[in-house]
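Structural overview for review
Chain by chain, the residues run as shown.
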Amino acid sequence: MREKPSQAPEEFRMPSTRERTRSAELSFFGDVALSSGDLERAHPFGPETADETTVKHRREVAHGIFDRLSRSRVTKPLLRMIAILTGVGGIAFGAMREKGGNEEPQEEITTQEAGEEYELRRIIYDELLDSGEVAFESEARHGRQSWTPDEAFEYGQFKSLLDKFEYLHKDNKDIMGALKSSRGRLENYGSLFDLMSEEYVHSSLPFEFSKDAVLDAAEVIPKIEEKEALELFRQFSSDLAKKMGLRYARELASGMVEALPQQHAVVKEIGEKGWLAPEVGEWLKGQKDNFVLFDQVTGRIEMYHREKDSVVLLDVFPGNGGPANGVAWEPGLPGHLATRTPDGSFTFDRALEKKSPSWRNSWVGNNAELRWSDEAHTNVDYKDQDGSWRRLTGSDAEFVVYGAPQKPFREKKGSVLYREASHKASDGTRTPPKEFQVADALEDVLEKNGGLRETWGKNDFGPLTIRMKDQKGELMSVFFHSSPSDGAPDFFLDSSHGCIHMKPDDVDMLAHYLARGSEIRISSVDAMSIIAMN
């Protein structure tokens, strides 16, 4: 589990209040801060956030343009070029010659504004997906396409993402050289982090690498000449603060203060710059001046603190939203319908242990205790959130989700839970939820002894969920949460049904920074950027 931000060692003398205030302004606002305007320009909202009438008109215009494109003889290559290279804008058909040498007249089709262009790109992207011309999986997940079957198999056996990264670049001498020593990783931290972030999108690799680099620094910096140590510390701490936030930079500084004499140049630098200043430590606690930015293209969930007209990065987590080709999210849509994560400005309501009627495994809280119902071990009970023990397995299983107790497997269609968790297939048929079996409550036989789990642990929303409110102050059905497979460090975060997937411990840490009413800003996913990354 991620540890909460550490404090400065007691024996370390902090600068005076006057020195701290001045050093914080010079260091954080001068080196690692952004203006609020710069941040908003770098992460704009998509045209989908416009009012409903405007969006409807844009979609009608976009469909009209797409219909004209579809009637063209050069639709396929044109669409591919538009999607991958041009991002639409003005679309022109150049003169095309047929076999007989006749020349077709040139036709020009243009979008009038960014919103129409955005909607047209969505339609084109859906068309490419349906035709199978766009793939989601990257080489970082499965290995290089040029590899032999043996190489691909070997790549799949690695459990560590860092081992995968090294194998992916096994033929690159520069990268392997940078990775081979602790000092090399520190000196090349910025470049290696950027490469990992670009290739291993929606994974914890860049973040785990950063934590390991902080440990590397504690070993390397105390052993090298003081001038070199100061130079390396300055570069690494600056890169760390800009890419991973002040929490990591403060952990680095705290480790240096513990490992080095007080008169060491690095320790003096830490005091002068205010890396461990108490008022900066207050930023790392839950407050309304802290806000979240989820960039759907990079897969980064960034935690910021707003101080006057500047914003400072505090922490970063991997995240993944709904599929770019999903339908537009609207309030009231079924929970099992794949929707795009909506972009816009929302607010933090609270963190909670969530249940959901739409997902059978989420009828039970993630940390609910389990016990055998009888000595014969024929059924299993769970301890509900109200402290009551209820049956989990068989037709008499009982659940409470937003209302009175229900026995969905006995009541069938008379149960709201049974109806909500009956997922509709593409052919129109519905698959009802199945009864829980004893096997559902047992440990993994390969990893444990196959005995009864202590707690449930299969809730689709993980141990903790962050709930948001929309601009009207109404609760949303879009959450920040984990799924059962997200706890494994070597697993990528997959697309959700519209919520934001995170690692379980990261959800807990993100909630730690926020107070009710804190802003949660989600910038629009760019479908064409996703194509480029894959």
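The shown structure was predicted, so the numbers you read here are calculated from the model rather than taken from an experiment.

Within the protein, the secondary structure is distributed over 20 helices and 16 strands. The 534 residues of the protein split such that 49% are buried. Sequence separation of 24 or more characterises 63% of the internal contacts of the protein that already satisfy a separation of 6 or more. Carbon together with sulfur atoms contributes 48% to the accessible area of the protein, which is approximately 26,300 Å² in total.

Let us now look at the pairing of strand S4 (residues 290-295). The buried count for S4 comes to six of six residues, which makes it a mostly enclosed element. Of the two faces of S4, the one lined by Asn 290, Val 292 and Phe 294 and the one lined by Phe 291, Leu 293 and Asp 295 are each fully buried. Inspection of the sheet shows S4 paired to strand S5 (residues 300-307) by six bridges, in the antiparallel sense. Looking at the pairing, Val 292 lines up with Met 303 of S5. A loop of four residues connects S4 with S5, the two strands running antiparallel in sequence, and Gly 299 in this loop sits at a positive phi of about 70°. Where S4 and strand S16 (residues 519-523) come together, four bridges link them in parallel fashion.

Moving on, we get to the sheet that holds S16. Strand pairing in a sheet relies on backbone hydrogen bonds. The paired strands run either parallel or antiparallel. Taking strand neighbours across the sheet as the criterion, the nine strands line up as S1-S6-S5-S4-S16-S7-S13-S14-S15 in an open arrangement whose pairing is mixed. Only two strands of the sheet have a single partner each, and these edge strands are strand S1 (33-35) and strand S15 (500-501). The strands that helix H19 (residues 504-513) touches are S4, S5, strand S6 (310-318), strand S7 (344-352), strand S13 (465-469) and strand S14 (475-481); relative to S6, the one it contacts most, it runs at about 160°.

Time to look at unusual backbone geometry. Glycine aside, a negative phi is what most residues show, and trans is what most peptide bonds show. Even without a glycine there, the phi angle at His 202 is positive, about 65°. In this fold, His 202 is placed in the loop between helix H11 (189-199) and helix H12 (205-220).

Before going further, it helps to examine the pairing of S7. Taken together, the four bridges between S7 and S16 define a ladder with antiparallel strand orientation. Among the inter-strand pairings, Ser 345 is bridged to a residue of S16, identified as Arg 521.

Moving on to the packing of aromatic side chains. Applying the stated criterion across every chain yields a total of 18 aromatic pairs. Centre to centre, the rings of Trp 363 and Phe 409 are 5.8 Å apart; their planes meet at 45°, and the pair counts as tilted. Of this pair, Trp 363 sits in the loop between S7 and strand S8 (370-372) while Phe 409 sits in helix H17 (residues 408-411), and the two are 46 residues apart along the sequence. Judged on exposure class, the residue Trp 363 and its partner Phe 409 are both buried. Arg 306 extends its terminal NZ or CZ atom over the ring of Phe 291, reaching a point 4.3 Å from the ring centre. One Lys or Arg, Lys 354, reaches over the ring of Phe 461 and ends 4.9 Å from the middle of that ring.

Bringing the sheet that holds strand S9 (residues 380-383) into the picture now. Taken together, three strands build an open sheet; the order of strands is S8-S9-S10 and the sheet is antiparallel. Each edge of the open sheet is held by one strand with a lone partner, namely S8 and strand S10 (389-391). Taken over all neighbouring pairs, the strand axes of this sheet differ in orientation by 35° on average, direction set aside. For S8 and S9, the ladder comprises three bridges, and the chain directions are antiparallel. Bridge pairing in S9 links Leu 370 to Tyr 382.

It is worth spelling out the environment of Ala 229 at this point. Within the secondary structure layout, Ala 229 lies in helix H13 (residues 226-244). A sequence separation of 37 residues divides Ala 229 from Val 266, and the C-alpha atoms of the two residues are 7.1 Å apart. The residues touching Ala 229, leaving out its near neighbours within four places in the chain, are Ile 221, Ile 224, His 264 and Val 266.

Summarising the model, the protein shows a mean pLDDT of 80, and 76% of its residues fall at 70 or more. Within the model, the stretch residues 75-107 combines pLDDT values under 50 with 63 contacts to residues more than four positions away or in other chains.

Another point: helix H14 (residues 246-259). Between the first and last C-alpha of H14 there are 20 Å, a value that for 14 residues agrees with the 20 Å anticipated at 1.5 Å per step. Within H14, 10 of the 14 residues are buried, leaving the element largely enclosed by the surrounding structure. Residues of H14 that are buried: Leu 246, Arg 247, Tyr 248, Ala 249, Arg 250, Leu 252, Ala 253, Ser 254, Met 256 and Val 257.

With that settled, consider the environment of Trp 329. Structurally, the position occupied by Trp 329 is in the loop between S6 and S7. Counting along the chain gives 14 residues from Trp 329 to Asp 343, while the straight-line C-alpha distance between them is 9.6 Å.

In the structure shown here, the tally under the stated rule is 25 salt bridges. The partner of Glu 139 in a salt bridge is Arg 144, with the nearest N and O atoms 3.3 Å apart. Exposure remark for Arg 144: the relative accessible area of 27% places this residue in the partly exposed category. Among the salt bridges present, the one from Arg 371 reaches Asp 381, with a minimum N-O distance of 3.5 Å. Here Asp 381 lies in strand S9 and Arg 371 lies in strand S8, a separation of 10 residues in the sequence.

Procedures and definitions
Residues numbered from 1 in each chain as written. Predicted model: local features only at pLDDT ≥ 70, side-chain atom pairs only at ≥ 80, totals over all residues. Heavy atoms only, no water. Helix = DSSP H or I, 4+ residues; strand = E, 2+ residues; numbered from the N terminus. Buried < 20%, exposed > 50% of the residue type's maximum accessible area, 1.4 Å probe, protein only. Contact = heavy atoms within 4.5 Å. Areas by Shrake-Rupley, 256 points an atom, 1.4 Å probe, with all protein chains shown as cover. Pairing = 2+ DSSP bridges. Axes fitted to C-alpha atoms, helices over the stretch in contact; angles between N-to-C directions. Phe/Tyr/Trp six-rings, centres within 6.5 Å; stacked < 30°, edge-to-face > 60°. Lys NZ or Arg CZ within 6 Å of the ring centre and 35° of its normal. pLDDT = per-residue confidence, 0-100. Expected span 1.5 Å × (residues − 1). Salt bridge = Lys/Arg side-chain N within 4 Å of Asp/Glu carboxyl O.

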